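Geometric and topological summary
Take a look at the letters that make up each chain.
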Amino acid sequence: MRSRSRSCSEMSISLSAAPSPAEREALRAPRSPPAAAPPPLVGALIESLSFRSCGFGRAASSAFEKEDLRLRATLPQRLRDALHAALKARNPSAGAFALAEALGVGAPANPWFGLEPEDAPENPLVAFVNPRSGGRLGPVLKTRLQELIGEDQVFDITVVKPSEFVEYALGCLEQLAGSGDHSARSVRHNLRIMVAGGDGTVGWVLGCLGELYVQNREPVPPVAVIPLGTGNDLSRSFGWGASFPFSWKAAAKRSLYKAILGTVSCLDSWHVVVSMPEGEEEQELDLPHSLRHLGECTFYDDGTAEGELPETILCFDGVFYNYFSIGMDAQVAYGFHQLRDDKPFLASGPLSNKLIYAGYTCKQGWFFTQCISDPELRGLTNIIRVSIKKMDSSEWEHIPVPSSVRAIVALNLHNYASGRNPWGNLKPEYLEKKGFVEAQSDDGLLEIFGLKQGWHASLVMVELISAKHIAQAAAIRLEIKGGQWRDAYMQMDGEPWKQPLSAEYSTFVDIKRVPYRSLIINGADR
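The rules behind the values
Residues numbered from 1 in each chain as written. Predicted model: local features only at pLDDT ≥ 70, side-chain atom pairs only at ≥ 80, totals over all residues. Heavy atoms only, no water. Disulfide = S-S within 2.5 Å. Helix = DSSP H or I, 4+ residues; strand = E, 2+ residues; numbered from the N terminus. Buried < 20%, exposed > 50% of the residue type's maximum accessible area, 1.4 Å probe, protein only. Expected span 1.5 Å × (residues − 1). Polar contact = N/O pair within 3.5 Å; in protein donor to acceptor, adjacent residues only side chain to side chain. Core = buried A, V, L, I, M, F, W, Y, C linked by side-chain atoms within 4.5 Å. Contact = heavy atoms within 4.5 Å. Pairing = 2+ DSSP bridges. Salt bridge = Lys/Arg side-chain N within 4 Å of Asp/Glu carboxyl O. Phe/Tyr/Trp six-rings, centres within 6.5 Å; stacked < 30°, edge-to-face > 60°. Axes fitted to C-alpha atoms, helices over the stretch in contact; angles between N-to-C directions. Parallel < 35°, antiparallel > 145°, perpendicular 65-115°, else oblique. Left-handed = near helix turned anticlockwise from the far one by under 90°. Nonpolar A, V, L, I, M, F, W, Y, C, P; charged D, E, K, R; others polar.

Some details on the state of the cysteines
In total, this model carries one disulfide according to the counting rule given. A disulfide bridge connects Cys-297 with Cys-315, and the sulfur atoms are separated by 1.6 Å. Handedness of the Cys-297-Cys-315 disulfide follows from its S-S torsion of about 55°: it is right-handed. Residue Cys-297 is found in strand β8 (residues 291-297), and its partner Cys-315 is found in strand β9 (residues 313-320); the two are separated by 18 residues along the sequence. Residue Cys-297 is classed as partly exposed on the basis of its relative accessible area of 27%.

Section: helix α11 (residues 248-261)
Taking 1.5 Å of rise per residue, 14 residues should cover 20 Å, and α11 covers 20 Å from first to last C-alpha, within 8% of that figure. The complete set of buried residues in α11 reads Trp-248, Ala-251, Ala-252, Lys-253, Ser-255, Leu-256, Tyr-257, Ala-259 and Ile-260.

Let's talk about the side chain of Thr-74
Relative to the elements of secondary structure, Thr-74 occurs in the loop between α3 (57-73) and α4 (77-89). In this structure the side chain of Thr-74 is engaged in a polar contact, spanning 3.0 Å, whose partner is the backbone oxygen of Arg-70. In terms of polar contacts, Thr-74 uses its side chain to reach the backbone carbonyl oxygen of Ile-149, at 3.4 Å.

Section: the nonpolar core
Ranked by size, the top nonpolar core spans 77 residues in total, and within it Leu-141, Leu-145, Phe-165, Ile-193 and Phe-244 carry the most contacts. Setting aside residues up to four positions removed in sequence, Phe-165 forms contacts with Leu-87, Val-126, Phe-128, Phe-155, Leu-170, Leu-191 and Ile-193. Core analysis: the second largest hydrophobic core is formed by 38 residues, Leu-314, Phe-316, Val-405 and Ile-476 among them.

With respect to the pairing of strand β5 (residues 223-227)
With five of five residues buried, β5 lies mostly within the body of the structure. Of the two faces of β5, the one holding Val-223, Val-225 and Pro-227 and the one holding Ala-224 and Ile-226 are both buried throughout. The pairing of strand β4 (residues 192-197) with β5 spans five bridges and is classified as parallel. From the neighbouring strand, Ala-196 faces β5, where its bridge partner is Ile-226.

With respect to the pattern of salt bridges
Applying the stated criterion across every chain, the model contains 17 salt bridges. Asp-68 is the partner of Arg-72 in a salt bridge, and the nearest nitrogen-oxygen pair spans 3.0 Å. One end of the pair, Arg-72, and the other, Asp-68, are both in helix α3, four residues apart, so they sit about a helical turn from each other. By the burial criterion, Arg-72 is buried, and Asp-68 matches it. Among the salt bridges present, the one from Lys-142 reaches Asp-156, with a minimum N-O distance of 3.9 Å. Residue Lys-142 is located in helix α6 (residues 138-149), and its partner Asp-156 is located in strand β3 (residues 154-156); the two are separated by 14 residues in the primary sequence. Given a relative accessible area of 19%, Lys-142 falls into the buried group. A network of salt bridges, in which partner residues are shared, links Asp-68, Arg-72 and Glu-122.

Thoughts on the packing of aromatic side chains
Scanning the model with the defined rule gives 11 aromatic pairs in all. Taking the centre distance of 5.0 Å and the plane angle of 85° together, the rings of Phe-155 and Phe-165 count as edge-to-face. Residue Phe-155 is located in strand β3, and its partner Phe-165 is located in helix α7 (residues 162-178); the two are separated by 10 residues in the primary sequence. Side by side, Phe-155 and Phe-165 carry an identical accessibility label, which is buried. Where Tyr-416 meets Phe-449, the ring centres are 5.8 Å apart and the plane angle is 80°; that geometry is what we call edge-to-face. Here Tyr-416, found in the loop between β13 (407-411) and α14 (428-434), pairs with Phe-449, found in strand β14 (residues 446-451); they are 33 residues apart in sequence, far enough to count as distant. Take Tyr-416: its relative accessible area is 5%, and that puts it in the buried class.

Examining the packing of α6 against α11
Where α6 meets α11, the closest approach of the two axes is 10 Å, and the angle between their N-to-C directions is 50°. Taken together, α6 and α11 sit at an angle that is classed as oblique. Where α6 crosses over α11, the handedness of that crossing is right-handed. Counting all contacts with α6, which are made through Val-140, Leu-141, Arg-144, Leu-145, Leu-148 and Ile-149, the residues of α11 involved are Trp-248, Lys-249, Ala-252, Lys-253 and Leu-256. A breakdown of the residues in the contact of α6 with α11 according to their chemical character gives eight nonpolar, no polar and three charged.

Focus: the sheet that holds β14
Spatial strand order, β15-β14-β13-β10-β17-β18: six strands in an open sheet with antiparallel pairing. Each of the sheet's edge strands pairs with one partner strand only, and the pair in question is β15 (468-473) and β18 (495-500). For this sheet, the mean inter-axis angle between neighbouring strands, taken without regard to orientation, is 20°. Where β13 and β14 come together, five bridges link them in antiparallel fashion. Bridged to Val-409 within β14 is Phe-449.

A word on the packing of α4 against α7
Two elements in contact, α4 and α7, have axes separated by 9 Å at closest approach and are oriented at 130°. Taken together, the axis directions place α4 and α7 in an arrangement best described as oblique. For α4 against α7, the interelement crossing comes out right-handed. Contacts between α4 and α7 pair Leu-79, Ala-82, Leu-83, Ala-86 and Leu-87 from the former with Glu-164, Phe-165, Tyr-168, Ala-169, Cys-172, Leu-173 and Leu-176 from the latter.

Fair warning: the whole summary comes from geometry, so function is off the table for now.
Written out as structure tokens, the structure is:
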């Protein structure tokens, strides 16, 4: 297996109202300076010391670790109040009162305040929790994280969206920092984010943080992961594990320490734009959170289009980090997600989720294609045309799709479908024969492979054989011609949707690399 990351330089909040005048006055009252955070050595020793052997016992050990975490990660109360106010008002300026409160702390002037703010934590951390992930473990995990780092720094992702946090909360810190609040500047510069959820949730947060690059609002906070999804392939790739362990209370504490002390790696990300004919079908399109509507747009044909192009097209886009796929695997994922939304009690954990997935592979006909006459269950070559751009090339090249392929996957990481490596570890002579290069973390290429019927996919999943190798590409264009097909199923990082197709016009999917890299904290460091 290979690692698709490379080292790089370190780069359910409650929406309560802003503090009342009386509360602000209480905050301005003289108070003693906050206790200094323990030296970094303390955090490193916590896991290695045996408190029982020293006579403290488990309770004392746990209390010490909780206190150490809070000292390291908890934001000053005035900054937490400011973030609350900015999110509630949906206005970064709503937290401006925090600067006035900083001036009333009562501590003597410190000439080194700009270098090491007195009330800023050493490792500021906030957490996003998806309550729908992990067999509904999210709500109890949220409570546990609130115990460890404070209620105000744990976000329920269904209440506070990552885009709102980026726009209003981080914007508030930036405005305070620009006004001379050195603590806000330190928090904004050193902030890290923990995401508890599946690959789709992690990708959603990474995509929102990526907007900071576009808006020239760096630095971008790196992201740590608590794996609550079914596959957790992105989590596996960066050392955060395949699933959250049964001893999750202790694991939550260890994960927080890794999040605040771990090194940071880079992750390539890929931009997807789907261009579809305008029509009534668009009203039925239910997109996952990782995608956004762009409205009417213009499609630029570079000579690759084979079908009819409509006068008006509608577009939506998003970013993926692990894989994009079209075909039967996405249809199975779509059926699972629909069931989980309709009957959440059935999707009670990773094991039951995998059993449901297995059932859907049979129900959708992946194993029994010969017995089914539905044209939508046949090979993708009937509806799809694949064009790619190779590295350092500006020309599109048409790539034939094998007639037996029923799912096409463009893979960025080496983990797919719960830790499998369908591309395989290819021998040098095979690479030379196919014109491929050995996949590296910074090669800027996607590996494109196909899955045939369910029997072939099963052997790929147990890694007895490799998938059907199709190409390596720096950019991909898919042209999808409906014909007898009414829909095509697609997914990005485990987030599926049903894409309506036109019998008359083509639908296009364009994939190209994002010019900046996302930042992931390594979970295998400690």
